[in-house]
Amino acid sequence: MALHMIKLCVGCDTVEELIDWRRAHAGASDPWVLRTRQTPKRASEMLDGGSVYRVFKGAILCRQRILGIATVGEGVNARCELTLDPEIVRVAPAPRRAFQGWRYLEAKDAPGDLALDGFGEAPPELARQLREIGAW
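Residue positions are counted from 1 within each chain, in the order its sequence is given. The model is predicted, so local features are restricted to residues of pLDDT at least 70 and side-chain atom pairs to those at 80 or more, both for listing and for counting; the totals for chains, interfaces and linings are taken over all residues. Neither water nor hydrogens contribute to the side-chain values; these are computed over all heavy atoms in the structure.

Trainee: Pulling in residues and values, what's your account of the environment of E45?
Mentor: Numbered from the N terminus, helices here are DSSP runs of H or I no shorter than four residues, and strands are runs of E no shorter than two. By the secondary structure assignment, E45 is in helix α2 (residues 43–46). Residues E45 and H4, spaced 41 residues apart in sequence, show a C-alpha to C-alpha distance of 8.3 Å. Note on contacts: a residue pair qualifies if any of its non-hydrogen atoms lie within 4.5 Å across the two residues. Those residues in contact with E45 that lie beyond four places of it in its chain are A2 and L3.

Structure below.
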């Protein structure tokens, strides 16, 4: 069973803002790299189908599959780079308190993927609010 990572998305309030930020700051062929200070000790488990789940304003809203994990630099300058799948998968909103850095997320605790086919043309923010209250 895959092990996941959960990380706050700071500076973006919605998944759409994250996508727009990516378009503005990277080329179309550039890999999506997420940098963190600490390399996960359980990296091999995360490479076996794990994803990074992102928290926006107190709720997990999306995930990206982890394609690679590498430590760059040495000593106090060492950092971790996670190469992510460019496809963003929306998940059922799940509340999450703020935390620093990142945390492991067991597969049994990860929110399920959303099938967006059933949401039609509803604005994403409205769809999120309706899902949160259980109306959709």
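Picking up after the structure, the text goes on.
Trainee: How would you explain the layout of surface pockets if you had to name every residue and give the values?
Mentor: Estimates place the volume of the second largest pocket at around 300 Å³. Lining of the second largest pocket is provided by 16 residues; of these, L18, W21, W32, L34 and R54 occupy positions nearest its centre. Following the grouping adopted for this structure description, the nonpolar residues are Ala, Val, Leu, Ile, Met, Phe, Trp, Tyr, Cys and Pro, the charged ones are Asp, Glu, Lys and Arg, and the polar ones are all others, Gly among them. Of the residues belonging to the lining of the second largest pocket, the class tally is 11 nonpolar, 1 polar and 4 charged. Residues are called lining when one of their atoms sits within 4 Å of a cavity or pocket point, these points coming from a 1 Å grid over the protein atoms alone, where a cavity is a set in which a 1.4 Å probe fits but cannot get out and a pocket is an open set with protein on both sides within 12 Å along at least five of seven lines. Grid points are joined across faces, edges and corners, and a volume is the space filled by probe spheres set on the points.

Trainee: Outline the pairing of strand β3 (residues 51–56), listing residues and values.
Mentor: Of all 6 residues in β3, 6 are buried; the element is thus mostly enclosed. Classification of residues uses two cut-offs on accessible area relative to the type maximum, computed with a 1.4 Å probe and protein chains only: under 20% is buried, over 50% is exposed, and between them is partly exposed. Residue alternation in β3 divides its side chains into two sets, S51, Y53 and V55 and V52, R54 and F56, and both sets are buried. The criterion for strand pairing is that DSSP finds at least two bridges linking the strands in question. Alignment of strand β1 (residues 3–8) against β3, held across 4 bridges, turns out to be parallel. Bridge assignment links M5 to a residue of β3, and that residue is V52. The pairing of β3 with strand β4 (residues 59–72) spans 6 bridges and is antiparallel. Residue F56 lies in a different strand from β4, and its bridge partner there is A59.

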